[in-house]
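Examination of the molecular architecture
Residue-level listing of the chains:
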Amino acid sequence: MDLEAVRTFVAVAEAGQFRKAAVDLSVTQQAVSKRIAALERHLGVRLFTRTPHGAEPTIDGQALLPHARELLRAADRAVASVRAGRRPLRVDVINSRGAVSGLMRDFHRAHPGTELDVLMMLDIDAAVAALRSGAIDASFRAVADPGRPLPEDIASVRVLDEPLQLLTGPGHALARARSVTVAELVGHRIWMPGIVPGTEWAAYYDDLVAEFGLTIEATGPNFGSDALLDTVADTPALATFMSEGTRLVWPAGHGLRRIPVTDPVPVYPHSLLWHRDNPHPALAVLRAHLAGVSPAPDTPGTWCPGWTRPY
C-alpha cells in the first residue's frame, strides 16, 4: 500500500476538503485527487462522498481511518528507529563479564540519557562487516595482526590495556605467591580451552608464547567458565590466565587465587573500532568519554605484541 496515498487519505479525512488537504500537504489538488483515486482502485471501495462543503468519508472510509493513522504512526516509528540520534547506539563488547563491558557500564552511568544496545560478537571479521554495513556502531577488539589489517574505512583507537593474572587452584605450586614473574611461568601448564584459532586473542597468545617460551594448552572442549574454574580448582598441575577486569564468582571451597603477573606485566590491548562515516552523535560522546577515562597504552614495565602498537 502506497504510504503517500494513505497519508493523503488521512489528510483529506481530517481537513474535510481536498483543497485544504492539498495545502496541508504542499501539493496540488489534482495530486490529492489522483492519490485518492489510486487508493480506491487498490482497495476496491469508495473512500469519500462529495458534499457541498467538501468531502466526507464513506462507511468504508470511516472503517479504514483508524488503521490508516496507525499505519502512518508505525512508518514514523520505523524511520525514527534508524535515524541517527534517535535509535540506540549499538556496541559489541565481545562478552558480558569482561573489562570492556565494565567500560560500557561506566559510560551508561555517566550518560544515562544515551540509549544503548549492547551485544556480543565472537569473530572480528563479522564485527568489522557489521560496522561497515551499519548493523553495529562500535566494537571493542584487540584489532588485528599484521597479516589482517583493518579496512581503510574502519577507524580504531586503543582504549584499555588490561593486565593478565594467573588463576590457580589451592594445590598449585604457585598458589601462595603474592605475584609471579613471566619467567617463573615457564614450564607450568596454562590451560585455556576457550582460545579459538583465527581470533585476535589467539594471535595475542601465540605471540606471548613465542616471546617468553610459555606453555599454553587449548586442548579439550570448552564447557564455559564454570567448568574451567572447577577443573583449575581440582587440578594442581593446571593454571589459567584471567584478565584483571574479568568478573567471575566461584564457590568458596574452590580456594582459587588470582595472582598478578610481573616483569613484565602482559597486558591485553582493547581498542574501540568504528566506521569513519558513522554519523551517530552518541558515538562521538562514547569516544570522548573513553578518551577521558582511558590510561595511556604501553606503560613502562608492560608487554604487548608489536602489531598492536601502530594506530
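Going by the structure above, here's the rest.
In every chain, residue numbers begin from 1 and rise along the written sequence. Per-residue local features of the predicted model are confined to residues with pLDDT of at least 70, and side-chain atom pairs are confined, for both listing and counting, to 80 or more; whole-chain, interface and lining totals are unaffected and use all residues. With hydrogens and water excluded, all non-hydrogen atoms of the structure serve as input to the side-chain values.

1. A closer look at the packing of aromatic side chains
Only centres within 6.5 Å qualify two rings of Phe, Tyr or Trp (six-membered ring in Trp) as a pair; their planes then separate them into stacked at under 30 degrees, edge-to-face at over 60, and tilted for everything else. For the coordinates displayed, the defined rule picks out 7 aromatic pairs. Ring centres of Tyr 204 and Tyr 205 lie 5.1 Å apart, and the angle between their planes is 85°; this geometry places the pair in the edge-to-face category. Tyr 205 carries the same exposure label as Tyr 204, and that label is buried. Note on Phe 212 and Trp 303: the rings are 5.5 Å apart at their centroids and 75° apart in plane angle, and the pair reads as edge-to-face. Placement of Phe 212 in helix H7 (residues 200-212) and of Trp 303 in strand S13 (residues 302-303) is noted, with a sequence separation of 91 residues between them. Here the aromatic residues Tyr 204, Tyr 205, Phe 212, Phe 241, Tyr 268 and Trp 303 are joined through ring pairs into a cluster of three or more. Burial here depends on accessible area, computed with a 1.4 Å probe over protein chains only, as a share of the maximum for the residue type. Under 20% is buried, over 50% is exposed, and the range in between is partly exposed. Numbering of helices and strands starts at the N terminus; helices are DSSP runs of H or I of at least 4 residues and strands are runs of E of at least 2.

2. A short note on the side chain of Ser 101
You can see Ser 101 is positioned in helix H5 (residues 99-110). Here Ser 101 falls in the buried class, since its relative accessible area comes to 10%. Should any heavy atoms of two residues lie within 4.5 Å, those residues are considered in contact. When sequence neighbours within four positions are dropped, the list of residues in contact with Ser 101 reads Val 93, Asn 95 and Ser 96.

3. Topic: a nonpolar patch on the surface
Candidate patch residues must exceed 30% relative accessible area and have no salt bridge, after which like charges are joined if within 9 Å and Val, Leu, Ile, Met, Phe, Trp or Tyr side chains if within 5 Å. Exposure was quantified through the Shrake-Rupley algorithm and a 1.4 Å probe, taking into account, for residues, occlusion by the shown protein chains and nothing else. The working definition used for a salt bridge is a side-chain nitrogen of Lys or Arg within 4 Å of a carboxyl oxygen of Asp or Glu. On the surface, Met 1, Leu 3, Leu 43 and Leu 71 cluster together to form a nonpolar patch covering roughly 320 Å² of accessible area. Here Leu 3 shows up in helix H1 (residues 3-15). Residue Leu 3 is classed as partly exposed on the basis of its relative accessible area, which comes to 33%.

4. Here we look at the pairing of strand S10 (residues 238-243)
The element S10 is largely enclosed, with a buried count of 6 among its 6 residues. Pairing between strand S6 (residues 154-168) and S10: 5 bridges, direction antiparallel. Across the sheet, Leu 166 pairs through a bridge with Phe 241, a residue of S10. As judged from the 2 bridges shared by strand S8 (residues 189-191) and S10, these two strands associate in the parallel manner. Strand pairing is assigned whenever DSSP detects at least two bridges linking the two strands.

5. Quick notes on the packing of H1 against helix H2 (residues 18-25)
Between N-to-C directions, angles cover 0 to 180 degrees, with each direction set by a line fitted to C-alpha atoms, over the stretch in contact for helices. The contact between H1 and H2 brings their axes to 8 Å, and the two run at 125°. Classified by the angle between their axes, H1 and H2 sit oblique to one another. Once H1 is placed against H2, the crossing between them reads as right-handed. Of the residues in H2, those touching H1 at Thr 8, Ala 11, Val 12 and Ala 15 are Phe 18, Lys 20, Ala 21, Asp 24 and Leu 25. Broken down by class, the residue content of the contact of H1 with H2 amounts to 6 nonpolar, 1 polar and 2 charged. An angle below 35 degrees is read as roughly parallel, one above 145 as roughly antiparallel, one from 65 to 115 as roughly perpendicular, and any other as oblique. Crossings are sorted by hand: turned counterclockwise from the far helix by less than a right angle, the near helix makes the crossing left-handed, and turned clockwise it makes it right-handed. Each residue gets one of three labels, nonpolar for Ala, Val, Leu, Ile, Met, Phe, Trp, Tyr, Cys and Pro, charged for Asp, Glu, Lys and Arg, and polar for the others, Gly among them.

6. A few points about the packing of H2 against helix H3 (residues 29-43)
At a minimum axis separation of 8 Å, H2 and H3 run at an interaxial angle of 105°. One way to sum up the angle between H2 and H3 is to call them roughly perpendicular. Side by side, H2 and H3 meet where Phe 18, Arg 19, Ala 21, Ala 22 and Leu 25 of the first sit next to Gln 29, Val 32, Ser 33, Arg 35 and Ile 36 of the second. Residues that form the contact of H2 with H3 fall into these classes: 6 nonpolar, 2 polar and 2 charged.

7. With respect to the environment of Leu 283
Within the secondary structure layout, Leu 283 lies in helix H9 (residues 281-293). Each C-alpha atom, one on Leu 283 and one on Pro 170, is 45 Å from the other, the two residues being 113 residues apart in sequence. Excluding residues that lie within four positions of it along the chain, Leu 283 makes contacts with Leu 89, Asp 137, Ala 138, Trp 274 and Asn 278.

8. Digging into unusual backbone geometry
Between Asp 263 and the following residue, Pro 264, the backbone shows a cis peptide bond with an omega angle of -5°. Along the chain, Pro 264 falls in the loop between strand S11 (257-262) and strand S12 (265-275). The backbone of Ser 26 shows a phi angle near 60°, a positive value even though the residue is not glycine. Looking at the element boundaries, Ser 26 is found in the loop between H2 and H3. For Ser 26, a relative accessible area of 66% puts it in the exposed group. Positive phi outside glycine occurs at Ile 94, with the angle close to 70°. Inspection of the secondary structure puts Ile 94 in the loop between strand S3 (89-92) and H5.

Shape descriptors only; they carry no functional weight alone.
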